[in-house]
Amino acid sequence: MLYTIIKENTYQDSIVLMLLSNKLNSIDGVKKVSVMMGTPANKDIFRASGLGSDELDQANPNDIVVVIDTEDEAKVNEVDEMVEATLKGENNVDASSNEQEVHNWKRAMELAKQPNMALISIPGQYAAMEAENALNEGLHVFMFSDNVPKADELRLKEMAHEKGLLVMGPDCGTGIIHSVPLAFTNIVNEGDIGLVGASGTGIQEVTTIIDREGKGVTNAIGTGGRDLSTEIGAITMLDSIKALNQDPKVKVITVISKPPAKEVKEKVLNVLRNIEKPVVTLFLGDVPTYHEPGIYHAYTLEEAARVSVQLSNGETPHFEPSILTDIEAEFVEGQMGIKGFYSGGTLASEAAMLINHALKNTKSEKQDGYMLKTEAHAVIDLGDDIYTQGKPHPMIDPEKRIEMLEASIEDETTAVILLDDVIGNGSHDDMASELAPTISKVIQHAKEKGRHIVVLATVVGTAQDHQGYQQQIDILKRAGAVICETNDQMVRTAIHLLGYDVSQPERVEKTFDKETVDLTVSDEMVQLLNVKPSIINIGLKSFSAAIRDSGAECVQFNWKPIAGGDEKLMKVLQFLNHLERETI
């Protein structure tokens with residue numbers, strides 16, 4: 001039976017509510033429970049998951065809705081008490097702490113100490129409005145929020161460019177600014193390699209390899225996944241490259257992206273050809289056929305990282321991929337499949353690319369988060385929107401991956417399973433321990449069926465990450481997983497186990513004409529990369545904690561939609577507030 005609780009005018013961040021839903025679903029006697037804001041989109045998710053109660057229509061976008069499926073009515077009170085306790089804990093602030101919390105822009109700007117950045121992690125339909133407010137206050141923007149219309153992204157990035165500011169995002173999952181970690185980020189050593197990339201696990205893989213090689217990254221600028229599209233035209237990437245070029249600490253500039261539109265790629269390469277510092281590029285998915293004077297074109301994330309380190313050390317760049325060869329694998333007839341269950345979208349994309357290039361698959365489907373799907377092989381990005389609607393990201397919540405792992409037991413084609421454990425700020429506190437029992441179960445069940453399944457895993461992280469890099473490796477090893485140092489090594493090892501290998505692309509030296517461009521940047525951009533940022537964090541409180549732990553100033557803006565969440569009315573109020581600021 002379904003029971004509905006509506007808590008009026010009690011806005012809370014979606015990730016907090018998703019994690020609360022997970023906790024509530026562990027209550028004995030509760031079949032299913034979900035906690036979300038009462039937005040039209042969330043109501044559709046409630047209904048699609050079988051929790052569409054009659055009372056649901058009464059909820060407003062600024063109300064928290066709890067729908068419980070249980071046969072024991074007493075469990076409804078237990079759920080309600082847990083929800084209240086969580087909300088009370090979120091809203092209480094220890095007056096003796098250094099935390100500073102506000103509820104509006106005026107107070108945020110008064111309380112912040114020379115702020116120069118806003119970190120935005122609120123629902124996408126409202127994020128553009130707050131990003132515009134931040135730009136009007138003279139702040140750079142890091143937009144973790146996704147589902148922002150492309151037209152808004154273009155408008156905001158053009159506005160920022162005119163003001164000499166930077167908009168990182170939307171859907172910017174990772175960034176490091178003057179060694180301050182932003183959003184889902186690892187703790188890496190400071191150093192002289194500067195990165196700019198679409199953000200996410202691509203940046204995390206490259207920066208953590210660099211750290212483990214003994215080098216460092218002081219600035220890794222995320223652009224968001226659509227920045228290199230034809231419509232946006234690489235506004236953030238181009239400004240970021242120029243800023244890194246002006247940074248005296250940066251010896252090597254590394255650029256990471258999925259293959260951009262041809263005209264955009266040429267625009268980016270032309271700017272890079274005007275730079276005298278060594279450059280490494282990775283357009284993941286492309287097979288590079290040439291290098292240029294001063295520009296090394298990499299094939300994989302590991303190659304980009306290793307070569308960046310070599311160039312930083314003044315060495316001649318050279319990369320030899322590696323595989324693990326001491327794995328015993330006695331596959332039976334029909335075991336020919338690689339199954340990759342990834343929390344990192346860029347890592348999944350790299351795995352699909354390498355498998356495709358090695359096995360020359362031509363009949364691959366890309367749907368429902370699958371980066372690769374053939375009769376025997378499957379590489380899935382479990383962070384795809386289809387798997388995260390109403391649920392936390394798989395870096396936080398292991399549920400979907402455990403489900404996929406268990407299903408792989410019954411697939412007799414499965415030979416090798418690939419797993420990534422992405423640790424760092426924002427990620428699960430101990431993902432290895434969550435996955436370990438199922439890894440052991442998969443391996444043991446296969447043995448009982450007369451089959452041998454190899455589970456390969458890689459940990460994306462550093463020794464400084466709070467989960468413990470080596471501890472995560474040890475837990476996965478004890479469960480029976482074979483640990484690979486990088487995603488590149490893991491995928492190549494899987495392919496080798498099936499009797500194939502990935503050919504490293506041969507590249508020749510080529511020279512191109514270049515059009516001279518202006519490489520100057522604003523003082524605001526120079527300051528962004530050379531001074532610890534002072535941040536107004538609009539949304540997830542956990543992001544504030546990581547910023548403060550790094551020694552940077554941060555004011556927590558406990559945002560909730562005004563005007564009952566009515567977007568049209570909110571935009572009118574925003575316009576009136578802007579007029580008021582202009583006339584003061």
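Residues numbered from 1 in each chain as written. Predicted model: local features only at pLDDT ≥ 70, side-chain atom pairs only at ≥ 80, totals over all residues. Heavy atoms only, no water.

Under an unreviewed UniProt entry, the name given to the protein chain is Membrane protein FdrA, and the source organism is Staphylococcus intermedius NCTC 11048.

A. Spatial organisation of the overall build of the protein chain. A tally of helices and strands in the protein chain yields 19 helices and 24 strands. The dimensions of the protein chain, computed from C-alpha atoms along their principal axes, are 65 × 60 × 45 Å. A fraction of 73% describes how many contacts in the protein chain between residues 6 or more apart in sequence connect residues 24 or more apart. Accessible surface, the protein chain as shown: approximately 24500 Å² in total, 48% of it carbon and sulfur. Taking the average place of the 53 positive charges on the side chains of the protein chain and the average place of its 90 negative ones, the gap between the two points comes to 2 Å. (Helix = DSSP H or I, 4+ residues; strand = E, 2+ residues; numbered from the N terminus. Contact = heavy atoms within 4.5 Å. Areas by Shrake-Rupley, 256 points an atom, 1.4 Å probe, with all protein chains shown as cover. Lys, Arg positive; Asp, Glu negative; His and termini not counted. Charge placed at Lys NZ, Arg CZ, Asp CG, Glu CD.)

B. Broad picture of unusual backbone geometry. That bond from G169 to P170 is cis: its omega, 5°, falls within 30 degrees of zero. With respect to the element layout, P170 can be found in the loop between β7 (167-168) and β8 (174-177). Non-glycine residue D171 carries a positive phi angle of around 55°. D171 sits in the partly exposed class, given a relative accessible area of 47%. Here the phi dihedral of A234 falls at roughly 65°; this positive angle occurs in a residue that is not glycine. Its location among the elements puts A234 in the loop between β11 (220-222) and α8 (235-246). For A234, a relative accessible area of 0% translates into the label buried. (Buried < 20%, exposed > 50% of the residue type's maximum accessible area, 1.4 Å probe, protein only.)

C. Molecular detail of the sheet that holds strand β24 (residues 553-557). Within the open sheet, the six strands sit side by side as β4-β24-β23-β5-β6-β7. Their pairing is parallel. Unpaired on one side and paired on the other, β4 (101-102) and β7 mark the two borders of the sheet. Sheet topology places strand β23 (residues 534-538) next to β24; five bridges connect them, and they run parallel. Counterpart to I536 in the pairing with β24 is V555. (Pairing = 2+ DSSP bridges.)

D. Region of interest: the packing of helix α13 (residues 399-409) against helix α14 (residues 431-448). Between α13 and α14, the least distance of the axes is 9 Å, while the angle of their chain directions is 5°. The pairing of α13 with α14 is recorded here as roughly parallel in orientation. Note on element contacts: α14 touches α13 through M431, E434, L435, T438, K441, V442 and H445, opposite R401, I402, L405, E406, S408 and I409. (Axes fitted to C-alpha atoms, helices over the stretch in contact; angles between N-to-C directions. Parallel < 35°, antiparallel > 145°, perpendicular 65-115°, else oblique.)

E. Structural view of the sheet that holds strand β2 (residues 30-37). What the three strands build is an open sheet, ordered β1-β3-β2; its pairing is antiparallel. The sheet terminates laterally at β1 (2-7) and β2, the two strands that pair on one side only. The sheet shows a mean angle of 15° between the axes of neighbouring strands, taken without regard to direction. Pairing analysis gives seven bridges linking β2 to strand β3 (residues 64-70), with the strands arranged antiparallel. Residue pairing for β3: V35 is matched across the bridge by V66. Of the strands in this sheet, β2 and β3 are in contact with helix α1 (residues 14-24), which crosses β2 at around 170°. Against the sheet, helix α2 (residues 40-48) makes contact with β2 and β3, and its axis sits at roughly 170° relative to β2, the strand it touches most.

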